[in-house]
Amino acid sequence: MAKKAKPLLIVESPTKAHTIRRLLGQSYEVTASQGHVRDLPEKGMGLSIEQSEKGYVFTPTYALLPKKAPIIQKIRQQVAEAASVWLATDEDREGEAIAWHLCHLLEIDPTQPVRITFHEITRRALQEALKNPRPINQNLVNAQQARRLLDRLVGYEISPLLWRTFPKSQKGSALSAGRVQSVALRLIVEREREIAQFRPEATLIAEVFLATAPPFKATLHAPTLRDKEEALPLLQNLIGRLLRVNKLEKKPRRRNPPPPFTTSTLQQEAQRRLGFSLSRTMRAAQSLYEKGFITYMRTDSTHLAPEALQAIHAALRERFGPQAVQPRTWEKKSRHAQEAHEAIRPTDPSVESAGDTPDEQKLYALIWRRTLASQMREALYEETLVELLPDPAPEPLLTFVAKGRLLTEPGFLALYGYAADEEEEATLPPLREGDRLPWQQVRLWEKFSTPPPRYTEGTLVKELEERGIGRPSTYAPTVETLFKRAYIQRREVRVPRPPYEEICLTPDGQLHRARQTPPPEVQKNKLLPTELGIRVVDFLVARFPDIMDYDFTAKVEAELDHIANAELDWQAMLNAFYERFTAELTQAQATRETATHKLLGYHPISGKPITLRTSRNGPYIAIGEKGDPDYRTASVPDTFSTETLTLEDALLLLSFPREVGTYEGAPIWIYSGPYGYYLKHNGQNYPLLPGLSPFSLTEEEAIQCIEARRAGQKAFAPLKTFPDAGIEILPGRYGPYIRYAGQNYAIPKGLSPTELTLEDCQNIIAQHQNKKQKASATQKRSQKK
């Protein structure tokens, strides 16, 4: 009996295939393409650009990815045996493009209703999708093609300029430029420059601490203090006086719950609350989606479907009672949204925990809490404003203000809670107008303004989204590329805070002055540009102002959206971009890429100019010009920043080689070489010991380096030698061994290496060689069989 043909669903992921197979049962075959199947070739542009009467015509050449050949061959056989074929790749542009490429490889007509989409992997969603197949949406495909070709044009044409101008990155990965990647890097570099240029400004703050239960503090509101010495007599007027509650205002305040997650807000909140990187968040979210626990994780929408709202409300009523539910519709989408997706939510809101790994479980719990919280009542507060005046009133009048906030109804906070960086409520004691309160201390101190904060991965995503740069699906790979190219690094930064003078006044008139040095502010998971990243940004901004322009990049993203919505022809969009791009490219290619010269100053003796320059081997200092008899250069080590390099730094770098002392009647010199700094003494080179600075090295430290190297060489000197036979017995990490003709031979246990004779050594060598020959012969016989 012939096997009955079944409908075949083709998806991208084996995990997704497994979940769908479990939900649909034995009536369907499900297979996976395992991601993209065709792309532009790795070598070459893969893009034909021909000029016609109407402009340029862009024709991509797609190639089957080499590793996908056996997968496609298998799917072809499955298609031949199937009753029908449904392309069930993800519902975004990327998924639409994969489905389109599969059509071409499997000889499926894309104009026929072969495409099904669903926002969640549930039995109901799958059955609904199978009832409503459609043709491939060519507009979505064209938008994805346009993005891919733009990225290929930018990367393929600009990256070679970087290769010729700069060395490879610290991780050994070739440099690259990208339409979104380079603009994101510019944001990080410019923020670092803002911080470097920032100068803190001090503001005088006067606080009075009240002796109440519980105690609280109030801040001087008027008059404004400008000088500590002028402020002290004013504050001393409080001695012998109480503080009267002159005004007491209580106002209700409410805090609405946040909307359910979009891709970018999930990435931001996962880093904020869980400490996840972008890639870590997206890996866990992808897995949760493919296993059927959450809806599609790439979305710009905060919308929740009516049936989802019903399930969420039911789950809330069961856990918190009907009074906790506050139905809301979150219709607002990002102005850069691609398609009308739903928000990211659990597929079954009654399931509180899900996932197979700790990361999946933590992320699912965050999504579950956020989704349910979005349909809960707002949190209610009572905000209190207290105005305090000295009693009796001095001249001039001093006005102190204190604020308090009391949570009266937790609402959604009962489920969602506070993030670690959120301030909780400041409570005040019960007060009435007219109350006269004693005080225990007045504190006068300087508060300094702070620079703009460095980006984290989460805040960078927020900035990119607000500017309309990139899309949710691009943020994680964009940041990963910046790390891979060694353009940025993720670090814990300890930011020093300025010292200040603190003056404390007690009710009995005593003054206490103290110089306070606050501990540095510890900032975790901050993104900092590397020296290489800064130089690459400067290079690109100078030569490609359009590509590096924030508004231009956002405009390109908006045009891709118009293509997806059939409002713009993709070839016309590529034409407009290409005309501007080629103009900048031609000019950049004509520019000498050995980069720029920055004048740092002049040599104090010769008067020659000292410049900071950049070559393919990195930044360096030059004195004079090539051809001058005293022209010299010095590499700039990674420990120096070219952003802040001074003339004094340059003179220090140019001071090598220099003499640091004398030992055994011969001078000791310190040199700067391609692999770092080293000592030279009596024709021998010696490395610096760890922790020693070449810029402050003393004679005593230099001698220590020489003796340490000699001691190390002595430790590895031969234990015994037979010069005529070319045999040495050497100490080794795993014990003594024999070295002969470039080969090492282990000495059998129980033998003393210093007592071995020449004949003993030759026997040991012969035994090892015989074993090796026998092993080789055995291997050859097994291969013949």
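Residues numbered from 1 in each chain as written. Predicted model: local features only at pLDDT ≥ 70, side-chain atom pairs only at ≥ 80, totals over all residues. Heavy atoms only, no water.

It is a general feature of regular strands that their side chains alternate between the two faces of the sheet. Pairing analysis gives 13 bridges linking strand S10 (residues 242–255) to strand S11 (residues 379–391), with the strands arranged antiparallel. For Val 245, the partnering residue across the bridge sits in S11 and is Leu 388. As paired strands, S10 and strand S13 (residues 436–437) are joined by 2 bridges and run antiparallel to one another. Along S13, the bridge assignment pairs Arg 244 with Arg 436. (Pairing = 2+ DSSP bridges. Helix = DSSP H or I, 4+ residues; strand = E, 2+ residues; numbered from the N terminus.)

Glancing now at the packing of aromatic side chains. Enumeration according to the criterion identifies 15 aromatic pairs in this entry. Ring centres of Tyr 289 and Tyr 296 lie 5.1 Å apart, and the angle between their planes is 70 degrees; on these two criteria the pair is classed as edge-to-face. The buried category is assigned to Tyr 289, whose relative accessible area is 0%. One residue, Arg 186, lies across the ring of Tyr 550, its end atom 4.9 Å from the ring centre. (Phe/Tyr/Trp six-rings, centres within 6.5 Å; stacked < 30°, edge-to-face > 60°. Buried < 20%, exposed > 50% of the residue type's maximum accessible area, 1.4 Å probe, protein only. Lys NZ or Arg CZ within 6 Å of the ring centre and 35° of its normal.)

Sheets are built from strands that pair by backbone hydrogen bonding, the pairs being arranged parallel or antiparallel. The sheet built from 4 strands is open, its strands ordered S19-S20-S21-S22 with antiparallel pairing. Both edges of this open sheet fall to strand S19 (597–602) and strand S22 (632–635), since each of them pairs with a single strand only. The average angle at which neighbouring strand axes cross in this sheet is 25 degrees, direction not considered. For strand S20 (residues 609–615) and strand S21 (residues 618–623), the ladder comprises 6 bridges, and the chain directions are antiparallel. If you follow Ile 610 over to S21, its bridge partner there is Ile 623. (Axes fitted to C-alpha atoms, helices over the stretch in contact; angles between N-to-C directions.)

What follows concerns the environment of Leu 185. By the secondary structure assignment, Leu 185 is in helix H6 (residues 181–197). In this structure the C-alpha to C-alpha distance between Leu 185 and Leu 460, which are 275 residues apart in sequence, comes to 9.9 Å. Sequence-distant contacts of Leu 185, that is, excluding residues within four places in its chain, are made with Leu 482, Tyr 487, Ile 488, Gly 533 and Val 537. (Contact = heavy atoms within 4.5 Å.)

As a further point, take the pattern of salt bridges. Scanning the entire structure with this criterion turns up 47 salt bridges. Glu 378 is paired through a salt bridge with Arg 254; the nearest N and O atoms lie 2.8 Å apart. Of this pair, Glu 378 sits in the loop between helix H11 (358–373) and S11 while Arg 254 sits in strand S10, and the two are 124 residues apart along the sequence. Residue Arg 254 is classed as exposed on the basis of its relative accessible area, which comes to 59%. Note that Asp 546 and Arg 580 form a salt bridge whose closest N and O atoms lie 2.8 Å from each other. Of this pair, Asp 546 sits in the loop between helix H15 (531–543) and helix H16 (550–564) while Arg 580 sits in helix H17 (residues 570–590), placing them 34 residues apart in sequence. (Salt bridge = Lys/Arg side-chain N within 4 Å of Asp/Glu carboxyl O.)

We now examine the confidence of the model for the protein chain. When pLDDT drops low, the exact placement of atoms in the prediction is not to be read closely. In this model, the protein chain carries a mean pLDDT of 89, and residues with pLDDT of at least 70 account for 94%. Model confidence for the protein chain, summarised as mean pLDDT per element, is weakest for helix H20 (residues 758–784) at 78 and strongest for H11 at 97. Confidence drops under pLDDT 50 across residues 336–340; counting only partners more than four residues distant or on other chains, this segment forms 20 contacts. (pLDDT = per-residue confidence, 0-100.)

Most of strand S1 (residues 7–11) is tucked away: 5 of the 5 residues are buried. Residues Pro 7, Leu 9 and Val 11 line one face of S1 and the alternating positions Leu 8 and Ile 10 line the opposite face, and both faces are buried. Where S1 and strand S7 (residues 84–87) come together, 4 bridges link them in parallel fashion. Its bridge partner being in S7, Ile 10 is matched across the sheet by Leu 87. One ladder, built from 4 bridges, connects S1 with strand S2 (residues 29–32); its direction is parallel. The residue bridging Ile 10 from the neighbouring strand is Thr 31, located in S2. Read from S1 through helix H1 (residues 14–24) to S2, the crossover connection turns out right-handed. (Right-handed = clockwise from strand over helix to strand, strands pointing away.)

Glancing now at H17. Since the α-helix packs 3.6 residues into each turn, any two residues three or four apart lie on the same face. Between its first and last C-alpha, H17 extends 30 Å over 21 residues, near the 30 Å set by a 1.5 Å rise per residue. Of the positions making up H17, those classed as buried are Trp 570, Gln 571, Met 573, Leu 574, Asn 575, Phe 577, Tyr 578, Phe 581, Glu 584, Leu 585 and Ala 588. Looking at the buried positions of H17, the neighbouring elements they touch are strand S4 (47–52), strand S5 (55–60), helix H5 (138–165), H15 and H16. One side-chain oxygen at the N-terminal end of H17 lies 3.1 Å from the backbone nitrogen of Gln 571; it belongs to Asp 569. (Expected span 1.5 Å × (residues − 1). Polar contact = N/O pair within 3.5 Å; in protein donor to acceptor, adjacent residues only side chain to side chain.)

This brings us to the packing of helix H8 (residues 263–274) against helix H14 (residues 472–484). The description of two helices packed together rests on the angle between their axes and the distance between the axes. Running from amino to carboxyl end, H8 crosses H14 at an angle of 40 degrees, the nearest separation of the two axes being 8 Å. By the angle between their axes, H8 is oblique relative to H14. The residues of H14 that touch H8, namely those facing Thr 263, Ser 264 and Gln 267, are Pro 472, Tyr 475 and Ala 476. A class-by-class count of the residues in the contact of H8 with H14 yields 3 nonpolar, 3 polar and no charged. (Parallel < 35°, antiparallel > 145°, perpendicular 65-115°, else oblique. Nonpolar A, V, L, I, M, F, W, Y, C, P; charged D, E, K, R; others polar.)

On to the packing of H8 against helix H13 (residues 457–467). Contact geometry of H8 with H13 gives a least axis separation of 8 Å together with a crossing angle of 155 degrees. Regarding the angle of H8 to H13, the classification is roughly antiparallel. Crossing angle aside, the handedness with which H8 passes H13 is left-handed. For the pair formed by H8 and H13, the contact residues are Ser 264, Gln 267, Gln 268 and Gln 271 on the first element and Glu 457, Gly 458, Val 461, Lys 462 and Glu 465 on the second. Taken together, the residues that form the contact of H8 with H13 break down as 1 nonpolar, 5 polar and 3 charged. (Left-handed = near helix turned anticlockwise from the far one by under 90°.)

Further remarks concern the environment of Ser 279. Among the structural elements, Ser 279 can be located in helix H9 (residues 278–290). Overall, Ser 279 belongs to the buried group, its relative accessible area being 13%. Not counting residues up to four positions away in its chain, the partners in contact with Ser 279 are Ala 476 and Glu 480. Within the structure, Ser 279 has its side chain in polar contact with the side chain of Glu 480 (distance 3.3 Å).

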